[in-house]
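Topology and contacts: notes
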Amino acid sequence: MSSNGQEKSHATLRYTSLRVSIFLACLLVALLLGHFGVIPVSGEAGMIFLFLLAAIASAPISYALLSRQRDEMSAQISTKVTGMRSRTVERIAAQNAEEDAADDAARAAAARRN
């Protein structure tokens, strides 16, 4: 498999790991700002605030920086869904053909009896 094919096959994993990395970097910055008193933090509610702040800050950063990876992931998922859909259509068509053949055989047998 080519290196480009491997990149495409792991698009979801790569996007997710980059997204988590951006969140963790934002969390580290928020924790450092809280530790040095730039952001007032008091108790458990303050820690929850820092986690929420990191989540809110990481969302637009991820949106701006990871558009290419998001497009690759979308293409990968779309390809898989299209493949699943076509296999399902083929399977249903084969089942319908089997039912039609069994129905035709039953009708032919009934016509021979009459």
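Since this is a predicted model, take the numbers as computed values, not measurements.

1. Thoughts on the overall build of the chain
Helix and strand content of the chain: four helices and zero strands. Reading the chain from its N end, one meets helices and strands in the order α-α-α-α. Taken over C-alpha atoms, the radius of gyration comes to 28 Å for the chain, far larger than the 13 Å a tight globule of 114 residues would show. Taken over the C-alpha atoms alone, the chain extends approximately 95 × 40 × 20 Å along its principal axes. Split into buried and exposed, the 114 residues of the chain put 17% on the buried side.

2. Re a nonpolar patch on the surface
Taken together, the side chains of L28, V29, L32, L33, F36 and V38 define a hydrophobic patch exposed on the protein surface, amounting to about 590 Å² of accessible area. Looking at L32, the relative accessible area reads 42%, which means it is partly exposed.

3. Brief notes about the side chain of S58
Locating S58 in the fold gives a position in helix α3 (residues 43-65). Under the relative-accessibility criterion, S58 is labelled buried at 5%. Contacts of S58, omitting those with residues within four sequence positions, involve I22, F23 and C26.

4. Describing a negative patch on the surface
Taken together, the side chains of E98, E99, D100 and D104 make up a negatively charged region of the molecular surface. Summarising the element assignment, E99 is placed in helix α4 (residues 67-113).

5. Notes on helix α2 (residues 11-35)
Since the α-helix packs 3.6 residues into each turn, any two residues three or four apart lie on the same face. Between its first and last C-alpha, α2 extends 36 Å over 25 residues, near the 36 Å set by a 1.5 Å rise per residue. Within α2 the residues assigned to the buried category are A11, Y15, I22, C26, L27, A30 and G34. Just downstream of α2 lies G37, where phi reads positive at about 80 degrees.

6. Here's the deal with the environment of G34
Take G34: it is sitting in helix α2. Given the relative accessible area of 16%, G34 is considered buried. Those residues in contact with G34, other than ones at most four positions away along the chain, are I39 and V41.

What counts, and where the lines are drawn
Residues numbered from 1 in each chain as written. Predicted model: local features only at pLDDT ≥ 70, side-chain atom pairs only at ≥ 80, totals over all residues. Heavy atoms only, no water. Helix = DSSP H or I, 4+ residues; strand = E, 2+ residues; numbered from the N terminus. Rg over C-alpha atoms; globule rule 2.2 N^0.38 Å. Buried < 20%, exposed > 50% of the residue type's maximum accessible area, 1.4 Å probe, protein only. Patch = residues over 30% accessible without salt bridge, like charges linked within 9 Å, V, L, I, M, F, W, Y side chains within 5 Å. Areas by Shrake-Rupley, 256 points an atom, 1.4 Å probe, with all protein chains shown as cover. Salt bridge = Lys/Arg side-chain N within 4 Å of Asp/Glu carboxyl O. Contact = heavy atoms within 4.5 Å. Lys, Arg positive; Asp, Glu negative; His and termini not counted. Charge placed at Lys NZ, Arg CZ, Asp CG, Glu CD. Expected span 1.5 Å × (residues − 1).

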